[in-house]
Amino acid sequence: MNASPMETATVVRVQPGKIGAVGLALLGARPGTHIVLAPGHYLEHQQLTMPSALRGVHICCEGADESNKDGPGATITCTEDTPANAALVRIAASGVVFKNVKLVGRSTPVEQRTSPNEPARGLVYVEGHSNVIFDHCEFAGAVSGLCIQGSAAPTIRSSTFRDCTCGVVLRENATPALEDCTLLSCSSVFIRCSDRAGGRIERCTFTGNAAAAGIEGFVATGDVTTSFADNALHDVSGCAVVVNGRCRSAIKGNVITGMHLNGILAGEDSDPIVTANRSIGTAGSGIVIFDRSRGMYQGNEVSESRMAGVGVRDQATPIFNGNAIRKSKGSGLVLDGSAGGVFSWNTMSQNACAGVGIKDHVHALFDNNMVRDNQGYGIWLQDAARCTLQHNTIEGNVLAGISGNDTSAPTVAHNTVRDGKAQGVLLSNKASGTFSNNTISGNKGSNVLVMGHSDSVFEHNVITGSPGGGMLFREHSRCTVKNNIVERNSRANIAVLDDSHPTVSDNLIQDGDGRGIVITGSASGTFYRNFVSSHVLAGMYVGGRATPIVKNSVVTKSSASGLVIEDMAQGLFVGNTFSNNGCAAIAIQGSSKPEVTGNTVMHSGRGGVWMGEYAQGSVRDNFIEAGDKAWRVGKNVRADVDTTVTPGAELAERIETDTSSSTCSLLPRGGASFARKDALVVVLIRNPDDASDNALSLGFSRCSSHPSSALHASARLFGKGEVRDASSPTNSDSVEEGFQRAPSINEDSIPEVPPPSAQLRIG
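Since this is a predicted model, take the numbers as computed values, not measurements. (Residues numbered from 1 in each chain as written. Predicted model: local features only at pLDDT ≥ 70, side-chain atom pairs only at ≥ 80, totals over all residues. Heavy atoms only, no water.)

A. Geometry of the overall build of the protein. A count of helices and strands for the protein gives three helices and 81 strands. Scored against the burial criterion, the 763 residues of the protein give a buried share of 58%. Within the protein, contacts between residues separated by at least 24 positions form 46% of all contacts whose residues are at least 6 apart in sequence. (Helix = DSSP H or I, 4+ residues; strand = E, 2+ residues; numbered from the N terminus. Buried < 20%, exposed > 50% of the residue type's maximum accessible area, 1.4 Å probe, protein only. Contact = heavy atoms within 4.5 Å.)

Written as structure tokens, this is what we have:
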């Protein structure tokens, strides 16, 4: 049977009571000596030095083993006459072991103290290439409990550091391993790493004093690569983890709780890997990335921060992937300065302000994130932010899903913005941007609200299902709206008010509980090649002092009139097609003064062009289907009217041979990703089973613009049987005699949107 190392080594047993007893034992020790201390208190007036030649020395307490629950049984302390700058222990040798020993620094004489509780300057130094092992030891009462330098690679396991200014210092090329240690009540920093230090710190517990101020947990500067993993930090009061310089440490699996200013702070040129950490209840933010820091942040959870959950500022450019930020008292994620980076697959939810706040000159990419159920905005942009938002889901937020302010100009593509308590997209001031291939649906305020001087572009979006309206343009906005599907919105699918002046073209606007397009106030703009279908009220309404240009569009299948022009509206209406509307195809009333020319009207007896009240303007050279109700002109009408009619057969032939003016270039529906562009072509469809006039109906067919694709022959029918009967109750879009016209649409009938609260801008 082999003997144990202790049975074969030289064993020196030491008893407490004599000053310098441990030092004397070391002076006589040879490599491999085991110094066994009886339990008790040992005073040393000289530094315990273990040079590199003194290999394999063990210092342990008699009976020491891992089952000892009462802490180290032997305590070694400096005497009062130990030099103030000297360490208690200095180790350069390899193979050294300290086990179940407590090491305590000397108290500075009262007259030399700079503060009442000032500890000694240092306690234990490990240097050279030493690989000393500290097992179940305790370090207490020093500026630094353990200083590791040179190329030392010690192992410290199941040990305790308490009442030190700094628990552990790593510098130069040190590569220690700290495992399952406890660090208590340090007054400045628990562990500090600098220079080119490496190694690992794992499964340690850091417990501070919540009443203290500015105490840091793990601080790494310089070219540090130390791994910091699976540790628990509680009440450290300052920042739990700080990485600066060119630090490339891996920060993994740590749990940060209790009172602390910030959870993880990364600055300067650091490039850490930060994964699977949890930061709960910080006084500031869970993660802050600033200066020129980069780094990979993945799988972290930040919750209940008292400010923003995560802050990214200055010129930081992290890769931020798969993190969860929730229940912050401020916003979830805030970027400002000139920050950039890539933010993907993150979840920002249940935060008191915005899910994401973007300020200053930020230019980051946001891809495939979930932003939901925040008490403020989903994504808030201000100042001159220039970001790309793509493939994100933004839902259930109390304020707007995406809000742009000041001169921000994001690129917003392939996102889903849905079920918000206010607007889906809200733009104000001079905010602009390009919004393409998005699905914006079910937002209660309206799906899109544009104000101020915005000149945004909306193209290839699906905008649907809002009880507050589809797209609302107000104030002085000058937007481009093209190739969108706007459908199933209440009130109006598109409303243009105030002094706004959009360009609206090639859109499919259909299936609304209110009107298709509303233009009122002092609005103007150009509206062309739109297909407007299946609205409960008018397909298109123009009122107030509006002066739009409407051309080459189709308005069909409205339960009320196709086009209503009233109040003091003017404008040019040319080359449009009106078909199968429930009341008059075109109703002109009030003191309006439009120019209506070159339009095609198929009314099938329901009413062609009806003019009443004091209508003015010019209505000439139109193609109006012949019939008893082709024209109705009131006695007070002062317009220049040409009441020529066109036989139905001739009109049908005209539509069949000339549909190019009513072609809407649209993308296929059903998703945000599109392979090619389709064209929406107006066609005249005949029912082969019906020989009556009802056999003809206006519809549309999609034909691919892809050169190798055949034309799609299928078409969607707009038969007259689907239109509300003309004798049924209608609305203010009728000019029937004796009908009491309802108040016009104006600014007062549209709910005001309060300006964003300053306290909710970012949080």
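Anyway, onward from the coordinates.
B. Local environment of the pairing of strand S5 (residues 58–61). One ladder, built from four bridges, connects strand S2 (residues 34–37) with S5; its direction is parallel. Bridging from a neighbouring strand, His34 pairs with His58 of S5. Strand direction decides the pairing type here: S5 and strand S8 (residues 97–99), joined by three bridges, are parallel. Looking at S8, one finds that Cys60 is bridged to Lys99. (Pairing = 2+ DSSP bridges.)

C. Broad picture of the state of the cysteines. Taken as a whole and judged by the stated rule, the model has zero disulfides. Lacking any disulfide linkage, Cys166 is separated from the closest cysteine sulfur, that of Cys186, by 6.8 Å. What makes Cys166 buried here is its relative accessible area of 7%. (Disulfide = S-S within 2.5 Å.)

D. Region of interest: the side chain of Ser524. One can find Ser524 in the loop between strand S61 (515–519) and strand S62 (526–528). There is a polar contact of 2.4 Å between the side chain of Ser524 and the side chain of His501. Sequence-distant contacts of Ser524, that is, excluding residues within four places in its chain, are made with Val496, Ser500, His501, Pro502, Ile519, Thr547 and Pro548. (Polar contact = N/O pair within 3.5 Å; in protein donor to acceptor, adjacent residues only side chain to side chain.)

E. Structural view of the pattern of salt bridges. One pass over the full model with this rule turns up 23 salt bridges. Taking the shortest distance from any N to any O, the salt bridge between Asp498 and Arg474 comes out at 2.9 Å. Pair noted here: Asp498 is in the loop between strand S58 (492–496) and strand S59 (503–505) and Arg474 is in the loop between strand S55 (471–473) and strand S56 (480–482), with a separation of 24 residues, a long-range link. An identical accessibility class is assigned to Asp498 and Arg474; each is buried. Among the ionic contacts, a cluster of salt bridges with common partners joins Glu179, Asp180, Arg200, Glu202 and Arg203. (Salt bridge = Lys/Arg side-chain N within 4 Å of Asp/Glu carboxyl O.)

F. Region of interest: the pairing of strand S16 (residues 166–170). Judged by how many residues are buried, S16 sits mostly within the fold: five of five residues are covered. Strand direction decides the pairing type here: strand S13 (residues 144–148) and S16, joined by four bridges, are parallel. Paired with Cys147 across the strands is Val169, a residue of S16. Of the strand pairs in this sheet, S16 and strand S19 (residues 189–193) are connected by four bridges, and their pairing is parallel. Paired with Val169 across the two strands is Arg192, which belongs to S19.

G. Fine view of the packing of aromatic side chains. Counted according to the given criterion, the structure contains 12 aromatic pairs. Arranged with centres 5.2 Å apart and planes meeting at 65°, the rings of Phe134 and Phe139 form a pair that is edge-to-face. Relative to Phe161, the ring of Phe139 has its centre 4.5 Å away and its plane inclined at 5°; by these criteria the two rings are stacked. You can see Phe139 sitting in strand S12 (residues 138–140) and its partner Phe161 sitting in strand S15 (residues 160–162), a full 22 residues away along the chain. Overall, the relative accessible area of 0% leaves Phe139 in the buried class. Take Phe161: its relative accessible area is 0%, and that puts it in the buried class. (Phe/Tyr/Trp six-rings, centres within 6.5 Å; stacked < 30°, edge-to-face > 60°.)

H. Expanded view of unusual backbone geometry. Of note, the phi angle at Asp419 is positive, near 55°, even though the residue is not glycine. When you line up the elements, Asp419 lands in the loop between strand S48 (416–418) and strand S49 (423–427). A positive phi is found at Arg491, a non-glycine position, where the angle reads about 65°. Within the secondary structure layout, Arg491 lies in the loop between strand S57 (485–487) and S58.

I. The environment of Gly299, seen in detail. Residue placement: Gly299 occurs in the loop between strand S32 (296–298) and strand S33 (301–303). The exposure class assigned to Gly299 is partly exposed, which follows from its relative accessible area of 40%. In this structure the C-alpha to C-alpha distance between Gly299 and Gly253, which are 46 residues apart in sequence, comes to 9.4 Å.

J. Fine view of the environment of Lys629. Along the polypeptide, Lys629 turns up in the loop between strand S75 (623–624) and strand S76 (631–633). Between the C-alpha atoms of Lys629 and Gly607, which are 22 residues apart in sequence, the distance is 4.7 Å. Dropping the residues within four chain positions of it, Lys629 is found in contact with His603, Gly605, Arg606, Gly607, Gly608 and Trp610.

K. Structural view of the side chain of Thr226. Here Thr226 lies in the loop between strand S22 (216–220) and strand S23 (227–229). Assessed through its relative accessible area of 0%, Thr226 is described here as buried. There is a polar contact of 3.5 Å between the side chain of Thr226 and the backbone oxygen of Ala197. In this view, Thr226 contacts Leu170, Cys193, Ala197, Gly198, Gly199, Arg200, Ile201, Phe218, Ser249 and Ala250; residues no more than four positions away in its chain are not counted.

L. View of the confidence of the model for the protein. Considering every residue of the protein, the mean pLDDT works out to 85; 81% of them sit at 70 or more. Across residues 107–120, confidence stays below pLDDT 50; counting only partners more than four residues off in sequence or on other chains, it has 18 contacts. A low-confidence stretch, residues 659–763 (pLDDT under 50), is modelled with 246 contacts involving residues beyond four sequence positions or located in other chains. (pLDDT = per-residue confidence, 0-100.)

M. Region of the structure containing the environment of Ser94. Mapped onto the fold, Ser94 is located in the loop between strand S7 (89–91) and S8. With a relative accessible area of 12%, Ser94 lands in the buried category. The sequence separation of Ser94 and Ala53 amounts to 41 residues, and the corresponding C-alpha distance is 8.5 Å. With near-sequence residues (within four places) excluded, Ser94 lies in contact with Arg55, Gly56, His129, Ser130 and Asn131. Polar side-chain contacts of Ser94 include one of 3.3 Å to the backbone oxygen of His129.

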